[in-house]
Amino acid sequence: MPERNIEFGKYGAHGIKGHEAVARQLDALAGYIATPITARRGLQARLHYLTRTAHARTAARAAGLTVTDRTLRAWTAGTRTPSHRNLAAIEQAYRTVRRENVARYLTARLNREGRGTRVEIHPTNQSQVDRPRQRAVEFRTMNVRRWDRIVAAWAAGDDQELDEAWVDHVVDLGSQWGQYEYVTNIGFAA
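### Comments concerning the overall build of the chain
Reasoning step 1: A count of helical and extended segments in the chain gives 7 helices and 4 strands.
Reasoning step 2: Secondary structure of the chain in N-to-C order comes out as β-α-α-α-α-α-β-β-α-α-β.
Reasoning step 3: For the chain, the spread of C-alpha atoms along the three principal axes comes to 65 × 40 × 25 Å.
Reasoning step 4: In the chain, which comprises 190 residues, the proportion classed as buried is 44%.
Reasoning step 5: If you sum the accessible surface of the chain, you get close to 11,000 Å²; carbon and sulfur atoms cover 48% of it.

### Observations regarding the packing of aromatic side chains
Any pair of aromatic rings gets described here by the distance separating the centres and the angle formed by the planes.
Reasoning step 1: By the definition in use, this model includes 3 aromatic pairs.
Reasoning step 2: Judged by centre distance (4.9 Å) and plane angle (50°), the rings of tryptophan 147 and phenylalanine 188 are tilted. In this pair, tryptophan 147 is assigned in the loop between β3 (140–144) and α6 (148–156) and phenylalanine 188 in the segment after β4 (182–187), connecting sequence segments 41 residues apart.
Reasoning step 3: The structure contains a cluster of three or more aromatic residues connected by ring pairs, namely Tyr32, Tyr49 and Tyr94.
Reasoning step 4: The ring of tyrosine 32 is capped by arginine 95, whose NZ or CZ atom sits 4.1 Å from the centre of that ring.

### Looking at helix α2 (residues 40–51)
Reasoning step 1: The end-to-end C-alpha separation of α2 is 16 Å, in line with the 16 Å expected for 12 residues at 1.5 Å each.
Reasoning step 2: Among the residues making up α2, those that are buried are Gly42, Leu43, Gln44, Arg46, Leu47, Tyr49, Leu50 and Thr51.
Reasoning step 3: Among the structural elements, α3 (54–62), α4 (69–77) and α5 (84–111) are those in contact with the buried residues of α2.

### Focus on the nonpolar core
Reasoning step 1: Membership of the largest hydrophobic core comes to 46 residues, with the highest contact counts inside it found for Leu26, Leu50, Val119, Trp147, Ile150 and Trp154.
Reasoning step 2: It is α5 that provides the largest number of residues to this core, a total of 9 residues.
Reasoning step 3: Among residues more than four places away in sequence, those in contact with tryptophan 147 are Val22, Leu110, Asn111, Thr117, Val119 and Phe188.

### What about the confidence of the model for the chain?
Reasoning step 1: Per-residue confidence for the chain averages 87 on the pLDDT scale, and 90% of its residues sit at or above 70.
Reasoning step 2: Within the chain, the element-level pLDDT minimum falls on β4, averaging 84, and the maximum on α2, averaging 96.

### Section: the packing of α2 against α3
Reasoning step 1: Across the interface, α2 lies against α3 with an axial gap of 6 Å and an inter-helix angle of 105°. Classified by the angle their axes make, α2 and α3 are roughly perpendicular. Every residue of α3 that contacts α2 at Tyr49, Leu50 and Thr51 is listed here: Ala56, Arg57 and Ala60.
Reasoning step 2: In terms of residue class, the contact of α2 with α3 is made up of 4 nonpolar, 1 polar and 1 charged.

### Considerations on helix α1 (residues 18–30)
Reasoning step 1: Compared with the 18 Å implied by 1.5 Å per residue over 13 residues, the 18 Å span of α1 between its first and last C-alpha is a close match.
Reasoning step 2: Along α1, the residues that are buried comprise Gly18, His19, Ala21, Val22, Ala23, Gln25, Leu26, Asp27 and Ala30.
Reasoning step 3: Close packing links the buried residues of α1 with β1 (16–17), α5, α6, α7 (159–170) and β4.
Reasoning step 4: Taken from the residues just after α1, glycine 31 is the one with a positive phi, measuring 70°.

### Regarding the sheet that holds β1
Reasoning step 1: With respect to topology, 4 strands assemble into an open sheet ordered β1-β4-β2-β3, the strand pairing being antiparallel. Looking at which strands have only one partner, the edges of the open sheet turn out to be β1 and β3.
Reasoning step 2: Note: β1 against β4, 2 bridges, orientation antiparallel. Paired with lysine 17 across the bridge in β4 is tyrosine 182.

### What about unusual backbone geometry?
Peptide bonds are trans in most cases, and residues, glycine excluded, mostly fall at negative phi.
Reasoning step 1: With a phi close to 45°, arginine 112 is a non-glycine residue in the positive phi region.
Reasoning step 2: With respect to the helices and strands, the residue arginine 112 is situated in the loop between α5 and β2 (117–123).
Reasoning step 3: For arginine 112, a relative accessible area of 37% corresponds to the partly exposed category.
Reasoning step 4: A positive phi is found at glutamate 113, a non-glycine position, where the angle reads about 55°.
Reasoning step 5: Among the residues examined, glutamate 113 registers a relative accessible area of 75% and is labelled exposed.

Calculation notes
Residues numbered from 1 in each chain as written. Predicted model: local features only at pLDDT ≥ 70, side-chain atom pairs only at ≥ 80, totals over all residues. Heavy atoms only, no water. Helix = DSSP H or I, 4+ residues; strand = E, 2+ residues; numbered from the N terminus. Buried < 20%, exposed > 50% of the residue type's maximum accessible area, 1.4 Å probe, protein only. Areas by Shrake-Rupley, 256 points an atom, 1.4 Å probe, with all protein chains shown as cover. Phe/Tyr/Trp six-rings, centres within 6.5 Å; stacked < 30°, edge-to-face > 60°. Lys NZ or Arg CZ within 6 Å of the ring centre and 35° of its normal. Expected span 1.5 Å × (residues − 1). Contact = heavy atoms within 4.5 Å. Core = buried A, V, L, I, M, F, W, Y, C linked by side-chain atoms within 4.5 Å. pLDDT = per-residue confidence, 0-100. Axes fitted to C-alpha atoms, helices over the stretch in contact; angles between N-to-C directions. Parallel < 35°, antiparallel > 145°, perpendicular 65-115°, else oblique. Nonpolar A, V, L, I, M, F, W, Y, C, P; charged D, E, K, R; others polar. Pairing = 2+ DSSP bridges.

Next up, the structure:
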């Protein structure tokens, strides 16, 4: 879109891209394991999630966890501990597999049989912008009815597609779209 901000934050406004805020909210709804991976309990929970079934092990390998079954058993038994690089790979594989597993459920939950989900858009923080340069941007709500493309892009981890999918829905704001490209937060409860 031609209205996209090229120099966001030039005068001191703070915010994040709208699609990043949507991804954060979807991550919160996905319900990841709260215990950090650096704790023994968190590592064990992630390994259990990634290895409990043959399907889970296949998905973990596809997500980038390429260690032998012997190494996985040693990590699970606690006789060996993964390196920092392997911890990062386990965390990334866990998040990827979790996103894929909950995507269909989240799509149905957010679509609500065609009724959609009410979304709150919190505008950028302009407290650091000089008074004459501040824009009048108010809190907005809108109803998003089709979440399929947004959730699919989030599950795939494709930021570009997520941005395009989100912009397709935010275009409903008309000429004010540019004011909501960057936001402080996007909230929705499903």
